[in-house]
Amino acid sequence: MTSPDRDAHRTGPAGPADDDSAWASGGTLFAGVLMFVYGILSVLEGIAGIAKDDVYARIGDYVYKFNLTTWGWIHLVLGVLVAVTGWGILKGADWARATGIALAAVAMVAQFLWLPYTPLWALISLAIGTFIIWALCTNGSTEESRTS
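Residues numbered from 1 in each chain as written. Predicted model: local features only at pLDDT ≥ 70, side-chain atom pairs only at ≥ 80, totals over all residues. Heavy atoms only, no water.

A.B. asks: For the nonpolar core, give the residues involved together with the corresponding values.
C.D. replies: One finds Met35, Leu78, Val82, Ile132 and Leu136 to be the most contacted residues of the largest nonpolar core, which totals 15 residues. Secondary structure elements with two or more residues in this core: α2 (16-51), α3 (68-91), α4 (94-113) and α5 (119-138). Excluding residues within four positions of it along the chain, isoleucine 132 makes contact with Ala31, Leu34, Met35 and Ala104. Leu68, Trp71, Trp114 and Tyr117 belong to the second-largest nonpolar core, a separate cluster that totals 5 residues. (Core = buried A, V, L, I, M, F, W, Y, C linked by side-chain atoms within 4.5 Å. Buried < 20%, exposed > 50% of the residue type's maximum accessible area, 1.4 Å probe, protein only. Helix = DSSP H or I, 4+ residues; strand = E, 2+ residues; numbered from the N terminus. Contact = heavy atoms within 4.5 Å.)

Structure follows, in structure tokens:
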């Protein structure tokens, strides 16, 4: 039988220590979903840029100018890689966390360069990329499972 004082400090059935790992693994799961969805949206964005060169209009003059067809291919390839990595995170693949961090960083740079074409979506994507990197870096469940 457990004492009432001991149970009063618990935040759930598993206790406070397990609650932190639940948040971290939930963040990782959400990061995987975000990467998968972001990858699919990026593929669609890329197809739109490749198919019709006047789909997006640039706002102002920008140093990092590319042809929209080039941007379309960049988004298409990056989108496929991000979606596959997101799927790998959802499946729990060992390679997916480190690859996800790297691809999220590359996607953030691409979105920064894409800023004049879709400013609001680029800013939202930068925030999503920041969350993905945070979530994949803070979940230490794979390291804990290897050491035990």
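A.B. asks: Give a description of α4 that names residues and reports values.
C.D. replies: Taking 1.5 Å per residue, 20 residues should reach 28 Å; α4 reaches 30 Å between its end C-alpha atoms and fits that length. Its maximal kink placed at glycine 100, α4 deviates by approximately 25°. Among all positions in α4, only Ala96, Arg97, Gly100, Leu103, Ala104, Ala107, Met108, Ala110, Gln111 and Leu113 are buried. (Expected span 1.5 Å × (residues − 1). Bend = angle between axes of the 7 residues up to and from the residue.)

A.B. asks: How would you summarise the environment of isoleucine 133 if you had to cite specific residues and measurements?
C.D. replies: You can see isoleucine 133 is positioned in helix α5. A sequence separation of 30 residues divides isoleucine 133 from leucine 103, and the C-alpha atoms of the two residues are 9.3 Å apart. Sequence-distant contacts of isoleucine 133, that is, excluding residues within four places in its chain, are made with Ile101, Ala104, Ala105 and Met108.

A.B. asks: An account of the packing of α4 against α5 is needed here, citing residue identities and associated values.
C.D. replies: At a closest axis distance of 9 Å, the pairing of α4 and α5 adopts a crossing angle of 160°. With respect to their mutual orientation, α4 and α5 come out roughly antiparallel. The hand of the α4/α5 crossing is left-handed. Contacts between α4 and α5 involve Arg97, Gly100, Ile101, Ala104, Ala105, Met108, Gln111 and Phe112 from the first element and Trp121, Ala122, Ser125, Leu126, Gly129, Thr130, Ile132, Ile133, Leu136 and Cys137 from the second. When grouped by side-chain class, the residues that make up the contact of α4 with α5 number 12 nonpolar, 5 polar and 1 charged. (Axes fitted to C-alpha atoms, helices over the stretch in contact; angles between N-to-C directions. Parallel < 35°, antiparallel > 145°, perpendicular 65-115°, else oblique. Left-handed = near helix turned anticlockwise from the far one by under 90°. Nonpolar A, V, L, I, M, F, W, Y, C, P; charged D, E, K, R; others polar.)

A.B. asks: Any chance you could break down the packing of α3 against α4 for me, citing the residues and the numbers?
C.D. replies: At a minimum axis distance of 9 Å, the contact between α3 and α4 shows a crossing angle of 155°. Relative to α4, the element α3 lies roughly antiparallel. α3 and α4 meet at a crossing whose hand is left-handed. When α3 is examined against α4, the residues Trp71, His75, Leu78, Leu81, Val82, Val84, Thr85, Gly88 and Ile89 are found in contact with a partner set consisting of Trp95, Ala96, Arg97, Thr99, Gly100, Leu103, Val106, Ala107, Ala110, Gln111 and Leu113. Looking at the contact of α3 with α4, its residues break down into 13 nonpolar, 6 polar and 1 charged.

A.B. asks: I'd like a rundown of α3, residues and numbers included.
C.D. replies: Over its 24 residues, α3 extends 34 Å from the first C-alpha to the last, a length consistent with the 34 Å expected when each residue adds 1.5 Å. Just downstream of α3 lies glycine 92, where phi reads positive at about 80°.

A.B. asks: For the environment of methionine 108, give the residues involved together with the corresponding values.
C.D. replies: Summarising the element assignment, methionine 108 is placed in helix α4. In the structure, methionine 108 is positioned 15 residues away from leucine 123 in sequence and 9.3 Å away in space, judged by C-alpha atoms. Setting aside anything within four residues of it in sequence, one finds methionine 108 in contact with Leu126, Gly129, Thr130 and Ile133.

A.B. asks: Describe the side chain of glutamine 111, with residues and values.
C.D. replies: One can find glutamine 111 in helix α4. Assessed through its relative accessible area of 0%, glutamine 111 is described here as buried. A distance of 2.9 Å separates a polar atom in the side chain of glutamine 111 from a polar atom in the side chain of tyrosine 38. Every residue in contact with glutamine 111, bar those within four places of it in the chain, is listed here: Tyr38, Glu45, His75, Trp121, Ala122, Ser125 and Leu126. (Polar contact = N/O pair within 3.5 Å; in protein donor to acceptor, adjacent residues only side chain to side chain.)

On their own, these measurements won't tell you what the molecule is for.
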